[in-house]
Amino acid sequence: MRFTAIYCLVLVSLLAWGTAVADGIPDERLVIGRLPCAGGENPSAHGIRQLVWELTKRTSVEAEPETVAVDPADPDLSRTPFLLWSCEGAVAELDQQALSNLRRFLVMGGFLWVDDPSAAPGGAFDRSIRFTVARLFPGKNLEQVPAGHVIFKTFFLISRPTGRVATAGLEGLSVDQRLAIVYSHGDLLGALAKDLYGNWEKVCEPGGEVQREESYRMAIDIVFYALCLDYKNDRVHLQFILKRRRL
Amino acid sequence: MAVHDWVLVLEWSSTWRIVLLVATAACVFFLTWQGLRNSSPGRRGMLLFLRGLNLALIAAMLLGLAINYRRLKPQKSRIALLLDSSASMSVDDGGSSRRQRLLDFLTNNASEVDRLSKDYSLQMYSFADKLIPIDPGRLEADGDSTDIVAALSSLAADASRQAGQLASVILVSDGADTGQLKGVVAEGKLPQVVNKLLSELGCPVNTFAVGRRERFADLAVGDVVSDDFAFVRNAVEVEATLRSEGLDEVSLPVTLEQAGRSLATKVVSVPRNGSRKFKLRFVPDDVGKFVYRITTPPLEGETIISNNDATFVMRIIRDKIRVLHVVGRPGWDQRFLREVLKRNPNIDLVSFYILRSVVDAPGVSEQELSLIPFPIHKLFGSELNTFDVLIFQNFNHGPYSVGFYLPQIADYVRGGGAFWMIGGDLSFGSGGYSGTALEQVLPVGLSPAGDWQVEQVRPVLTSVGAGHPVLDLGDPGVWERLPPLGAYNKARSVVPGAEVLLAHPFERSGGERAPILALREVGRGRSAALLTDGSWRWRFQLAGGDKGVRIYQRFVNNLLRWLIRDPDFDPLILRSSKARYAPGEKVILLLKAHGAHGAKAGLSMQTGGRVVERRIVQLNDNGAARVELPPLEAGAYVAEASVEYGSSAIKAGDAFVVEDTGIEHTRPFPRPDLLRKLSGATGGSFAAVEEGSLDDIKINEHKHYRVESSTTQPLLAIWWVLLTVVVLLGIEWWMRRRWGFS
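Residues numbered from 1 in each chain as written. Chains lettered and ligands numbered in written order. Predicted model: local features only at pLDDT ≥ 70, side-chain atom pairs only at ≥ 80, totals over all residues. Heavy atoms only, no water.

Undergrad: I would appreciate a short explanation of the overall build of chain B in the present structure.
TA: Regarding its fold elements, chain B presents 16 helices and 37 strands. Buried residues in chain B amount to 52% of all 742 residues. Considering only contacts within chain B whose residues lie at least 6 apart along the sequence, 74% involve residues at least 24 apart. As displayed, chain B has an accessible area near 32700 Å², and 52% of this comes from carbon and sulfur atoms. (Helix = DSSP H or I, 4+ residues; strand = E, 2+ residues; numbered from the N terminus. Buried < 20%, exposed > 50% of the residue type's maximum accessible area, 1.4 Å probe, protein only. Contact = heavy atoms within 4.5 Å. Areas by Shrake-Rupley, 256 points an atom, 1.4 Å probe, with all protein chains shown as cover.)

Spelled out as structure tokens, the structure:
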């Protein structure tokens, strides 16, 4: 009984701390909001944790290692301008209010990263996300992000998009000349995931560890794109980047 | 002595009556001719003559032909005496002013003037740009131009309306024409239109020259060609002309100055009695309206020194706002600010984000990164002054050796630049700026121990902020609806003279509410401190979505416009209705004070460092006032207004020029050659006032009469006309009887 009380106290304190962070998220830290899945799972937790670790180690960006579950129908969705949608199966079906709220979020400047853990084009996740995107933006489709897009040079210079499955590409949907949705359908976060003992959870096919490093770089570039947009298209960068691309 | 004459007049006839009578007379005459066909030519001729004469007389009587008897009185011819009253007549180039020598000439010729007045109708005019009847004793020398052709044209037009034919014109002038004759060179001919005008006048033009070229030595800067506005930090070229008269070829420095500061200098060679155009190039470094002066040093023996400089006013505006945006770490605050800056077509944005700090290890070679070196030496050294606004957003200077440049950045701000520091855990006190040169130009004092506070803050509007244009977001109640900030930098104090627009609701810094947004005037520049990295929430989180976009955009743009001293954005605006006023023109100043309805404003005006006007102006309910000043003396003026806002005073200024006599001032060279040409073209005399006499002038002698009285008598009422008709009819009847006609 006494143990239960202490346990409850600790739990309440943790919850209170978590709420405090959510209410007053320090603005210098990136917090990733997680959109719901039909099955309620969170398959990307380890991948995100490892991404944030690498992000903090390799770049100046500060980020929260834990994602925050968000409700797409919640008007406070805008507290977390960076959203992630990654599910083992289908994504949660959204009602009209949620669709409207999420659409406004994206139009107003929010960013949604969609990652398919199954890396299965035409699979449940893929079908559900395309269906949802079509409802979000009728008449618009996810389109292949061209190789010269700034998202491939926001921090690392990337020649090809990759993930746990190398054949995967990168798709996106633009709003007001900005990628509001980026869809990595090669299980990009799966390539980054480590278990609690520090072991890679999944094997990258067919490129192995080189492909995993490329996946890190792609994931970091996606985060930088959300934060810096077309900064690397500024005139001052172009000469340097072109020179390095040629080398 | 009176003279009598008469003329025939047609009193009351009309066209239809003339036609009817002429037709009837013609018919009668034709029938008479028909009846005399068979007679001898002599008899027929005589009878037709008598019949025709009778018909003519009868028709004339029936048509109302009358005799007008007139009594005529001889009339005096007119002589016009034209006296030059242009400003160039005030030049002293012969021991006294030209005007004085003109008056002396009239005094010396007083007996001739009396004689002319007696024999002719002598009319005296002054002329500069137009002809005005004048009493010579009141002759001034203040006309803005000299237009001899315009004066003669007026005289020609006037001559047709006045009694008495123009017999002669006497023109006393220095000949320094600034109108149509300006371009006539000494060896050249008069323009065709001028010759036509002189022939229309129909009388000799006698000229008397005042001022002699051999006694005149002058350098003049004039004909300044400049645009009304120019772009700051872009080279501007101004063209002007240096004229030399009575001096040998000379090379002189000409200098372009603004507020006593030399902006450009070059040496210009001017030929003897000639002119040379030159261009001066400078790069304006501040926006606003300024008075510029082109000057050349006076030479010994110069007749006029005041025309050795020329002033002009130019408004310096921005082409684009050039912004340097330095960010210590990517984040949402920078992301949304960048979006606003990039979308504004008036902003030329140069960004540098620290994507990797000195402790970060990307784990790859540089060639695999898109990162570029942070060119601090270029940005904060040679290029700094090319930026209008410098933004440090959550940027700590320490790791990047920027500290070395902080004094230079502070000087840049004092010298007219704009600096905006935005908060974060790497900014203000937490960014290591306490005790640095940069802190000295910030609106807030910084804590050396770090000042980053992670707590939700909903900032409140201060009384200054409520009326400040920076926070005029078009929605008065918006500040209550804005989402709270996630953290803020707690300043140690607010610098005296700085304005706090947004403050912490209860935390205090140095006895005042902890500032969230503070502004400061620093020397010629401005600085702003936004002590949070959470303003992006206003953009993204504000309920209503797109409304938040507009509110945030307006906030950022307002702040930038304030920082760069956008003239239309100052809380107090003072505008002169004109950049240049003509001599004698009233000066009109317009005042508009944002949020100072019904307040009083102080207004002062300076020229050459001397205050010439100081007054208190009452603003109306809209915070506006129109001030009309009496004509001011020629010169470049700087007007300054100030209005009390709470405990601080806000100032605004404008510049304008009251022209001296303009072209008269720069082209006062005497032109006796021109006067000689005018005389020569009309057969008039020419002489210098010192040598000539009014006795020698050429006059067209005409006799003119004025009708004193007249009476009109119709032919029908004149007995001897009627008798003549009867007698002629009797003779015709007698002849016809004698020669056997019926």
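Undergrad: I would appreciate a short explanation of the state of the cysteines in the present structure.
TA: All names here are of chain A. Scanning the entire structure with this criterion turns up one disulfide over all chains. The side chain of cysteine 37 participates in a disulfide bridge whose partner is cysteine 87; the two sulfur atoms lie 2.0 Å from each other. With the S-S bond torsion at -85 degrees, the cross-link from cysteine 37 to cysteine 87 turns out left-handed. Taken as a pair, cysteine 37 in the loop between strand 2 (32–34) and helix 2 (45–58) and cysteine 87 in the loop between strand 5 (82–85) and helix 3 (96–107) lie far apart in primary sequence, 50 residues in all. Considered together, cysteine 37 and cysteine 87 belong to a single accessibility category, that of buried residues. (Disulfide = S-S within 2.5 Å.)

Undergrad: Got a minute to help me understand the pairing of strand 14 (residues 288–295) of chain B in this structure?
TA: Two faces make up the sheet, and in a regular strand the side chains alternate between them. Residues and elements named next belong to chain B. By the criterion of burial, strand 14 is predominantly enclosed, with seven of the eight residues buried. Bridge count for strand 11 (residues 250–258) against strand 14 is four bridges, and the pairing is antiparallel. Within the sheet, the bridge partner assigned to glutamine 258 lies in strand 14 and is tyrosine 292. Bridge count for strand 14 against strand 15 (residues 309–317) is eight bridges, and the pairing is antiparallel. Pairing of valine 291 across the sheet is with valine 313, part of strand 15. (Pairing = 2+ DSSP bridges.)

Undergrad: Help me understand the sheet that holds strand 28 (residues 572–576) of chain B, please; the structure alone is not making it clear to me.
TA: Two strands in a sheet stick together by hydrogen bonds in their backbones, pointing the same way (parallel) or opposite ways (antiparallel). All names here are of chain B. Strand order in the open sheet formed by three strands is 28-30-33, and the pairing between neighbours is antiparallel. What marks the edges here is a single partner per strand, and that holds for strand 28 and strand 33 (624–629). Pairwise comparison of adjacent strand axes, ignoring direction, gives a mean angle of 15 degrees for this sheet. Where strand 28 and strand 30 (residues 587–593) come together, five bridges link them in antiparallel fashion. Paired with serine 576 across the two strands is leucine 589, which belongs to strand 30. (Axes fitted to C-alpha atoms, helices over the stretch in contact; angles between N-to-C directions.)

Undergrad: Could you clarify how one ought to interpret the sheet that holds strand 25 (residues 499–509) of chain B in this entry?
TA: Residues and elements named next belong to chain B. Taking strand neighbours across the sheet as the criterion, the eight strands line up as 17-16-18-19-27-26-25-22 in an open arrangement whose pairing is mixed. Of all the strands in the sheet, just strand 17 (347–353) and strand 22 (460–461) have a single pairing partner and so form its edges. Of the strand pairs in this sheet, strand 18 (residues 389–393) and strand 19 (residues 418–422) are connected by five bridges, and their pairing is parallel. Considered in strand 19, the bridge of leucine 390 is made with phenylalanine 419. Sheet strands in contact with helix 7 (residues 332–343) are strand 16 (321–327), strand 17, strand 18 and strand 19, and its direction is about 155 degrees off that of strand 17.

Undergrad: Sorry if this is basic, but what is going on with the interface of chain B and chain A here?
TA: Opposite the 50 residues of chain B that make contact, chain A presents 47 residues. Among the ionic pairs, aspartate 234 of chain A bridges to arginine 338 of chain B, the shortest N-O distance being 2.8 Å. Taken together, the links from chain B to chain A amount to 13 residue pairs in polar contact (both at pLDDT 80 or more). In terms of residues, the side of chain B that touches chain A owes the most to one element, helix 7 of chain B, which gives eight residues. Taken together, the residues of the side of chain B that touches chain A break down into 21 nonpolar, 13 polar and 16 charged. (Salt bridge = Lys/Arg side-chain N within 4 Å of Asp/Glu carboxyl O. Polar contact = N/O pair within 3.5 Å; in protein donor to acceptor, adjacent residues only side chain to side chain. Nonpolar A, V, L, I, M, F, W, Y, C, P; charged D, E, K, R; others polar.)

Undergrad: Please clarify how helix 6 (residues 208–228) of chain A should be interpreted in this entry.
TA: Residues spaced three or four apart along an α-helix face the same direction, because each turn holds 3.6 residues. Look at helix 6 of chain A: 30 Å from first C-alpha to last across 21 residues, which is about the 30 Å you get at 1.5 Å a residue. Positive phi shows up at leucine 229 of chain A, right after helix 6 of chain A, with a value of about 50 degrees. (Expected span 1.5 Å × (residues − 1).)

Undergrad: Can you walk me through helix 3 (residues 98–108) of chain B in this structure?
TA: Buried within helix 3 of chain B are the following residues: Arg98, Arg101, Leu102, Leu103, Phe105 and Leu106 of chain B. On the buried face of helix 3 of chain B, the contacting elements are strand 3 (78–84), helix 4 (110–119), strand 6 (166–173) and strand 7 (205–209) of chain B.

Undergrad: Can you walk me through the packing of aromatic side chains in this structure?
TA: Here the distance between the centres and the angle between the planes together describe a pair of aromatic rings. All names here are of chain B. Overall, the coordinates contain 35 aromatic pairs over all chains when judged by the stated rule. Between phenylalanine 374 and tyrosine 400, the aromatic rings sit 6.2 Å apart at their centres with planes inclined by 75 degrees, giving edge-to-face as the arrangement. Taken together, the positions of phenylalanine 374 in the loop between strand 17 and helix 8 (376–382) and tyrosine 400 in the loop between strand 18 and helix 9 (406–414) put the pair 26 residues apart, joining distant regions of the chain. Measuring from ring centre to ring centre gives 5.8 Å for phenylalanine 380 and phenylalanine 392, while their planes differ by 80 degrees; the resulting arrangement is edge-to-face. Of this pair, phenylalanine 380 sits in helix 8 while phenylalanine 392 sits in strand 18, placing them 12 residues apart in sequence. Here phenylalanine 380 falls in the buried class, since its relative accessible area comes to 0%. According to the relative accessible area criterion, phenylalanine 392 is buried, its value standing at 0%. These aromatic residues form a ring-pair network of at least three members: Phe352, Phe374, Phe380, Phe392, Phe395, Tyr400, Phe404, Tyr405, Phe419 and Tyr433. The residue whose ring lies beneath arginine 335 is phenylalanine 336, and the NZ or CZ to ring-centre distance is 4.6 Å. (Phe/Tyr/Trp six-rings, centres within 6.5 Å; stacked < 30°, edge-to-face > 60°. Lys NZ or Arg CZ within 6 Å of the ring centre and 35° of its normal.)

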